[in-house]
Amino acid sequence: MPAQQQQVARLMTQGPDAGIDRAEEIARIAPDAPAGFFAQTNLPGLFFVDPSLELEEGDVGLPAASMASGVGGMGIHWATLCPRPRQSERISFLPDGELDAALDQGERLLQVRRPDAAEGLVAALRRVLADEFDDDGFTPVEYLPTASRWEGGELIGSGTDVILGDLEVRMPGFELRTETLARKVLLDGTTAVGAELEDRRTGEVYRVGAQRVVVCADGLRTPQVLFASGIRPAALGRYLNDHLKMATPAALSGEFDPDAYHHVVDSPTPFVPYSDTRPIEGLVVPLALHAVTGQLDLTNPNIRRAAGIAWYGAKELQASDRVEFSISETDYYGMPRMSIRYSFTAKDHETVRMMEDCSRRIASRVGTLLGEPVLAPGGSSLHYQGAARMGPADDETSVCDTYSRVWGIENLVIGGNCVIPTATAANPTLTTVALAWRGATKLIEGLGAHESG
Ligand SMILES: Cc1cc2nc3c(=O)[nH]c(=O)nc-3n(C[C@H](O)[C@H](O)[C@H](O)COP(=O)(O)OP(=O)(O)OC[C@H]3O[C@@H](n4cnc5c(N)ncnc54)[C@H](O)[C@@H]3O)c2cc1C
């Protein structure tokens, strides 16, 4: 789709924020954040959960928390970075072999490329990062796996189209209903029997019956649909966590001047993966080699020599970090209004200091920081996890079992970043797709048993 048409289509999905300039709004929310360096959060096609939130004493909120309502959700915007979870990011109550098999499937479905070798500038940067950060007990520095491919000189990210493939052809009866809101799951006692849907074009509300129901409505709205359905376990909305995010521009020194290297367009990004003793994940992205260079003026030597140093940090999990749903007020879509209660722990402040320190450590090796490392406004990572998390037992600290089946409700399976139960710094989509594949596989097994039984 031509870029302009793509832009228009994105703006049309901005729902309640139609006409809002997100860059200006982010500048209002976080006047200290370096202008233009959180471009990901500024993208058209996203809309804010609650940018004017009223904070209670001690709360930091997630003022930049955003959602996407186009077909494909955030999956049409994402940057496709797909690291695997490491050390305690992994889900300890899933057998290692099963988790790895699910992650393999996630990589296959998303068509993830895992580069293990590269040349030129990125190889030089990787050597420096390894020298600075590799040590006993730490996950070694590597290149970031991405769910993307080159087609006709263009880098194409794997979106929902890649996952669905030719499902429409292979599965007669499969139907994707656009502009359709799932208002609630219909229950008969403790059994899911269908869904109430709304055609947003006509306002018609209708019901569809189903023997099994799957809700995948993103990290915040999967719990919202459960709440709207009257499914309100104690852990619903709780343990919400969003990656701490810090991105600082830097000027590369002469040693890392891209012009001194053979230019490799399709260069992987060197990155520092998560380790328990350093619960952050970091990248150095030289703008001259980055895939979005088509949008930058690379004739400008300052831009050619610029790089981004970015970190994601794991948020310490607390039951009190939560999205709450109103029983009386509704949002733009007529669903229970969400408000977020979120606070930092002493460990979170330590993690933020670690991200600042590590930004300076990288800069001291590769060039100079062009600004102070500043924490991005809460919600900027766009990775909202935990609010309907899975657990090994129905003990009020989880919403679903290890196959994403909602505790106490038969035939109801959920998906989205909300099911991830661990504190992570790794970008979540690969893990979420892996867990969805695992839940779907179990659901299909049950279907076979049901049909033959
Ligand atoms: C700019 C950007 C860059 C990103 N980069 C990365 C990255 O590099 N790596 C990574 O791992 N992640 C990244 N992410 C996050 C990634 O896109 C999400 O993790 C992923 O898309 C989550 O999938 P999901 O299905 O849970 O939610 P979504 O992709 O948001 O899909 C949810 C869908 O549910 C629909 N929906 C919600 N409520 C209802 C309802 N009541 N009825 C009907 N439909 C409903 C929404 O309209 C949407 O289409 C990025 C996100 C953005 C925006």
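Because the structure is a prediction, the values reported are computed rather than measured.

Engineer: Describe a nonpolar patch on the surface, and please don't skip the residues or the numbers.
Structural biologist: Residues V71, M171, F174 and L176 make up a contiguous nonpolar surface patch of about 350 Å² in total accessible area. Within the secondary structure, M171 sits in the loop between α7 (167-170) and β6 (180-188).

Engineer: Explain helix α2 (residues 22-29) to me, using residue names and the numbers behind them.
Structural biologist: Looking at α2, one finds that the buried residues are R22, E25, I26 and I29. The buried residues of α2 occupy one face: seen down the axis, they fall within an arc of 100 degrees. Capping the start of α2 is the job of one residue whose side-chain oxygen sits 3.2 Å from the backbone nitrogen of E24: D21.

Engineer: Explain the sheet that holds strand β8 (residues 205-209) to me, and be specific about the residues and the numbers.
Structural biologist: One open sheet holds the three strands; their spatial order is β6-β7-β8, and the pairing between them is antiparallel. Only two strands of the sheet have a single partner each, and these edge strands are β6 and β8. On average, each strand axis in the sheet is tilted by 30 degrees relative to the strand beside it, whichever way the strands run.

Engineer: Give me the lowdown on unusual backbone geometry, citing residues and values where you can.
Structural biologist: The backbone phi angle of D218 is positive, close to 90 degrees, even though this residue is not glycine. Its location among the elements puts D218 in the loop between β9 (213-215) and α8 (221-228). A relative accessible area of 25% places D218 in the partly exposed class.

Engineer: Now, about the pattern of salt bridges: what can you tell me, with residues and values included?
Structural biologist: Tallied over the entire structure, the rule returns 31 salt bridges. R28 is the salt-bridge partner of E25, the closest N and O atoms lying 2.7 Å from each other. With E25 and R28 both in helix α2, this residue pair falls three residues apart, about one helical turn. Take E25: its relative accessible area is 17%, and that puts it in the buried class. Salt-bridge contacts for R322 lead to E324; the nearest nitrogen and oxygen are separated by 2.8 Å.

Engineer: Got a sec to walk through the environment of I76? Specific residues and values, please.
Structural biologist: Here I76 shows up in the loop between β2 (66-68) and α4 (96-110). As a C-alpha pair, I76 and D161 span 85 residues in sequence and 9.2 Å in three-dimensional space.

Engineer: Can you break down the site of the ligand residue by residue, with the values?
Structural biologist: Neighbouring the ligand are 30 residues; A79, L81, A182, N417 and T429 lie closest to it. Measuring from an oxygen atom of the ligand, one finds a side-chain N or O atom of N417 at 2.8 Å. Of all the secondary structure elements, the ones that give two or more residues to the shell around the ligand are β6 and α8. Taken together, the residues of the shell around the ligand sort by class into 14 nonpolar, 14 polar and two charged.

Engineer: Outline the sheet that holds strand β11 (residues 244-252), supporting the account with residue identities and numerical values.
Structural biologist: As summarised here, the arrangement of the six strands in space is β3-β12-β13-β14-β11-β17, forming an open sheet in which the pairing is antiparallel. Each having just a single partner strand, β3 (142-143) and β17 (367-369) make up the two edges of the open sheet. In this fold helix α5 (residues 120-133) packs onto β3, β12 (270-272), β13 (280-286) and β14 (306-313), with an angle of close to 15 degrees to the strand it touches most, β12. Docked against the sheet, helix α10 (residues 346-366) engages β11, β13, β14 and β17, running at close to 15 degrees with respect to β11.

Engineer: Help me get a handle on the pairing of β8, residues and values and all.
Structural biologist: With five bridges joining them, strand β7 (residues 191-199) and β8 adopt antiparallel strand pairing. In the strand pairing of β8, L197 is matched with Y206. Counted along the chain from β7 to the antiparallel partner β8, the turn is five residues long, and its residue G203 has a positive phi close to 85 degrees.

Criteria and thresholds
In every chain, residue numbers begin from 1 and rise along the written sequence. This being a predicted model, a pLDDT of at least 70 is required before a residue's local features are given, and a value of 80 or more before pairs of side-chain atoms are given or counted; all residues contribute to the totals for chains, interfaces and linings. To obtain the side-chain values, all non-hydrogen atoms of the structure were included, while hydrogens and water were left out. A patch consists of residues exposed above 30% relative accessible area that lack any salt bridge, with like charges linked at up to 9 Å and nonpolar side chains (Val, Leu, Ile, Met, Phe, Trp, Tyr) linked at up to 5 Å. Accessible surface is estimated by sampling points in the Shrake-Rupley manner with a 1.4 Å probe; for residues, cover comes only from the protein chains shown. Any carboxyl oxygen of Asp or Glu that lies within 4 Å of a side-chain nitrogen of Lys or Arg is treated as forming a salt bridge with it. Counting from the N terminus, the helices are the DSSP runs of H or I reaching at least four residues and the strands are the DSSP runs of E reaching at least two. Buried residues are those whose accessible area, probed at 1.4 Å on protein chains only, stays under 20% of the maximum for their type, while exposed residues exceed 50% and partly exposed ones sit between those limits. This arc is built from the directions going out from the helix axis to the C-beta atoms. Two N or O atoms count as a polar contact when they lie within 3.5 Å, although within protein this holds only if one can serve as hydrogen donor and the other as acceptor, and sequence-adjacent residues are included solely when both atoms are side-chain atoms. Strands are treated as partners if at least two bridges between them are detected by DSSP. To obtain an axis, a line is fitted to C-alpha atoms, over the contacting stretch when the element is a helix, and the angle between two such axes runs from 0 to 180 degrees between their N-to-C directions. When at least one non-hydrogen atom of a residue lies within 4 Å of a molecule or strand, that residue is treated as near it. For this classification, the nonpolar set comprises Ala, Val, Leu, Ile, Met, Phe, Trp, Tyr, Cys and Pro, the charged set comprises Asp, Glu, Lys and Arg, and every other residue, Gly included, is treated as polar. Contacts between residues were defined by any pair of non-hydrogen atoms, one from each residue, lying within 4.5 Å.

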